[in-house]
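Descriptive structure summary
One letter stands for each residue in the lines below.
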Amino acid sequence: MTKKIAFWIFLLGTLSSAVLFLGLTVDTHRQVAALSHADKLSENVVAGKRAFEKYNCNDCHTILGFGGYYAPDLTKVVQRVGEDGIRYRVKHPELAFANSVRKMPQQHVSEVEIESLVAFFNWVGEIDNGDWPPQDSKKRLSRSEQRLSLGATVSPGAAVFQTKGCMNCHSLHGVGGTFGPVLDTIGRTLTSEQIEQYILNPKSVNPNAKMPPQNGLSDRERDEVAKFLGNLK
């Protein structure tokens, strides 16, 4: 290969890459309003963004790919813990994370600011950002689903409980979260059928429940984890 050919390959490659990059950039900017649902950008959402910045939430949390990695990603936090879960964690972090290694400071956030934060997180969670973050993707084949499909020897219900986020809020035998009730003997209180209904629609069983509906579980996953918990007596 001569220097002249190498030069033209470099030049054409650089120019075509630049044109492609600029084209994609223009196309992205053209779609920003639709992808971000700008029509839903209310004053309450803007107030929530300001509260998010006021309390430096980004120092510990990541949102839309930006921020710290000390605490959980908040891009899909409403989908993961529900609106009541957010309110409780912000209002009473000393209780929500009492037994957690990672702590959240008491910021004394006002009720109005908390509702604005919930609105902001709802808006962020609806942004079409290419299904990010991957750990909250509804299309993701979880470890529990892999184990179910492979027929592994581990209890299918236990696999779902361990890998689908249940332990972020609930604990078994001293291991897990502290936000939700300890489930060591839940089978004494609720049947498997009642537990399955609770998972599907918590407020239909307990009107005061802070747990969000677990719509991310498949029918089989919900059935298996309900059977697993129903046997804990």
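Residues numbered from 1 in each chain as written. Predicted model: local features only at pLDDT ≥ 70, side-chain atom pairs only at ≥ 80, totals over all residues. Heavy atoms only, no water.

What about the overall build of the protein?
We apply this condition: By definition, any uninterrupted DSSP run of H or I lasting at least four residues is a helix, any uninterrupted run of E lasting at least two residues is a strand, and each is numbered from the N terminus. A radius of gyration in this sense is built from C-alpha atoms; the matching globule rule multiplies 2.2 Å by the number of residues raised to 0.38. Burial classes follow relative accessibility: with a 1.4 Å probe on protein chains only, a residue under 20% of its type's maximum area counts as buried, one over 50% as exposed, and anything between as partly exposed.
Secondary structure assignment for the protein yields ten helices and four strands. For the protein, the α and β elements follow one another from N to C terminus as α-α-β-β-α-α-α-α-α-β-β-α-α-α. What you see for the protein is a C-alpha radius of gyration of 23 Å, clearly larger than the 17 Å of a compact globule of 233 residues, by over 25%. Overall, the C-alpha framework of the protein stretches about 80 × 50 × 35 Å when taken along its three principal axes. A burial count over the protein gives 35% of its 233 residues as buried.

Details of the domain arrangement of the protein
Heads up, the condition is: Boundary definitions for the domains trace back to an automatic or database domain assignment.
Examined at the domain level, the protein breaks down into domain 1 (1-35), domain 2 (38-130) and domain 3 (137-230). Relative placement of domain 1 and domain 2: their C-alpha centres are 38 Å apart.

Considering unusual backbone geometry
Omega for the peptide link from Trp132 to Pro133 comes to 0°, which places this bond in the cis form. Note on placement: Pro133 falls in the loop between α5 (111-125) and α6 (143-150). Backbone geometry at Asn56 places phi at a positive 55°, although glycine is not the residue there. Among the secondary structure elements, Asn56 is positioned in the loop between α2 (43-54) and β1 (62-63). A relative accessible area of 46% places Asn56 in the partly exposed class.

Concerning the nonpolar core
What counts is decided by this rule: Side-chain atoms within 4.5 Å are what join buried Ala, Val, Leu, Ile, Met, Phe, Trp, Tyr and Cys residues into a set we call a nonpolar core. Only heavy atoms matter for contacts: two residues are in contact if any of them lie within 4.5 Å across the pair.
Grouped together as the largest cluster of nonpolar side chains are 22 residues, with contacts concentrated most on Phe52, Ile63, Val77, Ile86, Phe120 and Phe121. Contributing elements (two or more residues each) for this core: α2, α3 (77-91) and α5. When residues in this core are grouped by element, the largest group, eight residues, is from α5. In this structure, Phe121 is in contact with Phe52, Ile63, Leu74, Thr75, Val77, Val78 and Ile86, ignoring residues within four places of it in sequence. Within the second largest apolar cluster, 18 residues are counted, among which are Ala158, Cys166, Val225 and Leu232.

Here we look at the packing of aromatic side chains
Selection rule: Note on aromatic contacts: the rings of Phe and Tyr and the six-membered ring of Trp form a pair at centre separations within 6.5 Å, being stacked when their planes are under 30 degrees apart, edge-to-face when over 60 apart, and tilted otherwise.
In total, this model carries five aromatic pairs according to the counting rule given. Ring geometry for Phe52 versus Phe120: centroids 5.6 Å apart, planes at 50°, classification tilted. Pair noted here: Phe52 is in helix α2 and Phe120 is in helix α5, with a separation of 68 residues, a long-range link. On the accessibility criterion, Phe52 (3% relative accessible area) is buried. Centre to centre, the rings of Phe120 and Phe121 are 5.7 Å apart; their planes meet at 45°, and the pair counts as tilted. Residues Phe120 and Phe121 agree in their burial class; the two are buried. Ring-pair connections join several aromatic residues into one group, and the members of that group are Phe52, Phe120 and Phe121.

Some details on the UniProt feature "domain: Cytochrome c" (unreviewed entry) in the protein
Going by this rule: UniProt positions are given in the numbering used here, feature names are shortened, and annotations may be inferred rather than shown by experiment.
Per the UniProt entry, the sites bearing "domain: Cytochrome c" (unreviewed entry) are residues 43-125 and 152-233 in this numbering. Structurally, residues 43-125 comprises 55% helix and 5% strand, and the distance from its first C-alpha atom to its last is 17 Å.

Regarding the environment of Trp123
Condition: Contacts described as polar in this section are N or O atom pairs within 3.5 Å, which, within protein, must combine one atom able to donate a hydrogen with one able to accept it, while residues neighboring in sequence count only if both atoms come from side chains.
For Trp123, the location among the structural elements is in helix α5. Linking Trp123 and Ser36, residues 87 residues apart in sequence, is a C-alpha distance of 8.3 Å. Contact partners of Trp123, with chain neighbours within four places excluded, come to Ser36, His37, Lys40, Leu41 and Val45. Among the polar contacts listed, one links the side chain of Trp123 to the backbone oxygen of His37, at a separation of 3.3 Å.

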